[in-house]
Amino acid sequence: MASTSASLGGKAAAGQGLFTRQSSGLVRELGVPAATGIALASVAVVNTFINFNAGLVSFNQADMTLPLLLGAAIWLVAMFAYKYLLEAIPRAGGEYVYLSRIISPALGAMAGISICIAFTYILAANANFTAAYTPFMLTALGAAFNSSAISDAAGNVTSQGAIAAISVVMLLVVGAVSLVSIRRLAQVILALVGIQLLAFLVLGWLLITHSHQDFVNALATFSNHPNAFNNILAAAQKNQIPLGISIGASLTAVPFMVLNYNGVLYAYYVGGELKRPGRTYLYASVISIGLLVVVWLGVWLLMRNTVGLDFMQSQAKLGATDPDAYGKITSLQSSAGGLGYGLILSGDPISKILIGIAVPSAELAVDLAFVAVVTRVMFALAFDRLLPISLAKISERSAIPTNAIIVAVVIGILFAILAAFVNLSNIVANLALFVALIIVAGGVAATALPYRRPDLIMRPGQTELARVGGVPVPSLWGAATTLLAVIVVALIVTHPEVFGSFTLTSVGALVIVLLAGPVIYLIARQMRLSRSSIDLRLAMRELPPE
């Protein structure tokens, strides 16, 4: 079939008639540890402390035990759907390449372009998030080194200019580190994930070795307020903050915890660089999900035991709804959640340092992982000529899409500066919905795979796919993923006060982002037809080589 191709440098071979695809230049050098690192980094392991707090703010009388378990179960089901997709199409590009090869190039372009836009914004959001938690880091480091100068500096990095500057510096560091080979990058990511896990172990140890009364006393000492614990509970009662556990509220929080796991399966985006893609992806995903359940659920239960659910609910709600009243009682940053609890319980500088640098380490890791993810989607789009072909150029030295990395970081910096000075919350209010729709797209692709492209999953000599009740097994996993993801979408849509309101601006932004892909595809297809008589829709039936 006639199609277009790219050499290692991403340029079409001169003088060719019918075009033959050549090697992309990506190298399969990532094993299970590297893939696991990318998955865990994409989640931002310690961010769950922030998300626990946000969940307690958003849902009355919620306990995170059930949502954590159900959220993990949903991602476990999705893991098998993506396993079949990756085995069928072991290439870079994620949902873009799955949808474009299985269902429709226009739908694939919709997913690919919108993922590029959304994930690049997430780069900026993570950088801004790091800047917002720099005061907590400085407070922890000041306590660790007994330095009032460092502690006082925490109050000097809260301006819009400081947030913009910290965000830009972080993204420049991310860009510089991302220019190494994917194998070296994975090693850096693994080290950063290790710091986060070490912070979890330290916090777990502090919670195990301290009683509830120890925490009450520590909060009083840290706050210079002898009754800080009881006063927070009293202020919450005065503000009529509901305490305790409601099963209904906990179930409503399930989508929140599903999003908490977002990224745990993202190793499939670098499918073109995984050794033995199906096996590597499966092992990495199982390890990642299992590890997160153990550390997240374990620390949550320890916090419930040592700190108390009533206090956590009171602190979260009071800090968000009446910050003045909260600030008069304690200076402990309420949104820090478990990291804050660890900081006041810690009696040694090492644990204070680990707790202080946990969030910056997490955000640096997640941005490094997201640069790897989003640039592989850009690469796949460019390889198919839906983006400039220069973005598919692979460095001969490091085997990475250098131009795509530069573009992603530059756009991320622009987003970060904009977000530091302009409130974009109304525009990006439906980002949680978009993330859930990504899972829907993967489920739909897996469901359609055996019917639309059985040739991609048939092994040599195989005449029929394994079935249960007459339905191909990949379709069963895909349908289950789609159903669960649609339920999550429905809960997100019906709770706009938690996940983002539906205003003309936010819905318009989401529609523009989703429609950009099909428009770009139709333009590219028409241009190819007029210039070379090549139908891009037919050309994209081929799998891009890796």
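To keep things clear, this report deals only with the structure shown in the data block.

Now for unusual backbone geometry. A positive phi angle is found at Asn224, which is not glycine, with a value near 55°. On the secondary structure map, Asn224 appears in the loop between helix H10 (212–223) and helix H11 (228–238). For Gln240, which is not glycine, the phi torsion reads 55° and is therefore positive. Among the structural elements, Gln240 can be located in the loop between H11 and helix H12 (247–252). With relative accessibility at 70%, the residue Gln240 sits in the exposed group.

What follows deals with the pattern of salt bridges. The final tally for this structure, using the stated rule, is seven salt bridges. Arg304 serves as the salt-bridge partner of Asp63, at 3.0 Å between the closest nitrogen and oxygen. Of this pair, Asp63 sits in the loop between helix H2 (47–58) and helix H3 (65–88) while Arg304 sits in helix H14 (residues 277–306), and the two are 241 residues apart along the sequence. Among the residues examined, Asp63 registers a relative accessible area of 7% and is labelled buried. With its nearest N and O atoms 2.9 Å apart, the salt bridge here joins Glu273 to Arg376. Of this pair, Glu273 sits in the loop between helix H13 (254–260) and H14 while Arg376 sits in helix H18 (residues 349–383); the two residues are 103 residues apart in sequence, bridging distant segments of the chain. Under the relative-accessibility criterion, Arg376 is labelled buried at 2%.

What follows covers the environment of Ile117. Among the structural elements, Ile117 can be located in helix H5 (residues 105–132). Taking the C-alpha atoms as reference points, Ile117 and Asn403, 286 residues apart in sequence, are found 16 Å from one another. Setting aside anything within four residues of it in sequence, one finds Ile117 in contact with Phe415 and Val513.

With that settled, consider the packing of aromatic side chains. For any pair of aromatic rings, the description consists of the separation of the ring centres together with the inter-plane angle of the planes. All chains considered together, the criterion is met by 26 aromatic pairs. Taking 4.8 Å as the distance between ring centres and 25° as the angle between the ring planes, the aromatic pair formed by Phe49 and Phe200 counts as stacked. Of the two residues, Phe49 is situated in helix H2 and Phe200 in helix H9 (residues 182–208); the sequence distance between them amounts to 151 residues. Exposure class is identical for Phe49 and Phe200. Each is buried. Grouping aromatic residues by their ring pairs yields a cluster made of Tyr82, Tyr98, Phe119, Tyr266, Tyr268, Tyr269, Tyr281 and Phe370. The ring centre of Tyr84 lies 4.4 Å from the NZ or CZ of Lys83, which sits over that ring.

Calculation rules
Residues numbered from 1 in each chain as written. Predicted model: local features only at pLDDT ≥ 70, side-chain atom pairs only at ≥ 80, totals over all residues. Heavy atoms only, no water. Helix = DSSP H or I, 4+ residues; strand = E, 2+ residues; numbered from the N terminus. Buried < 20%, exposed > 50% of the residue type's maximum accessible area, 1.4 Å probe, protein only. Salt bridge = Lys/Arg side-chain N within 4 Å of Asp/Glu carboxyl O. Contact = heavy atoms within 4.5 Å. Phe/Tyr/Trp six-rings, centres within 6.5 Å; stacked < 30°, edge-to-face > 60°. Lys NZ or Arg CZ within 6 Å of the ring centre and 35° of its normal.

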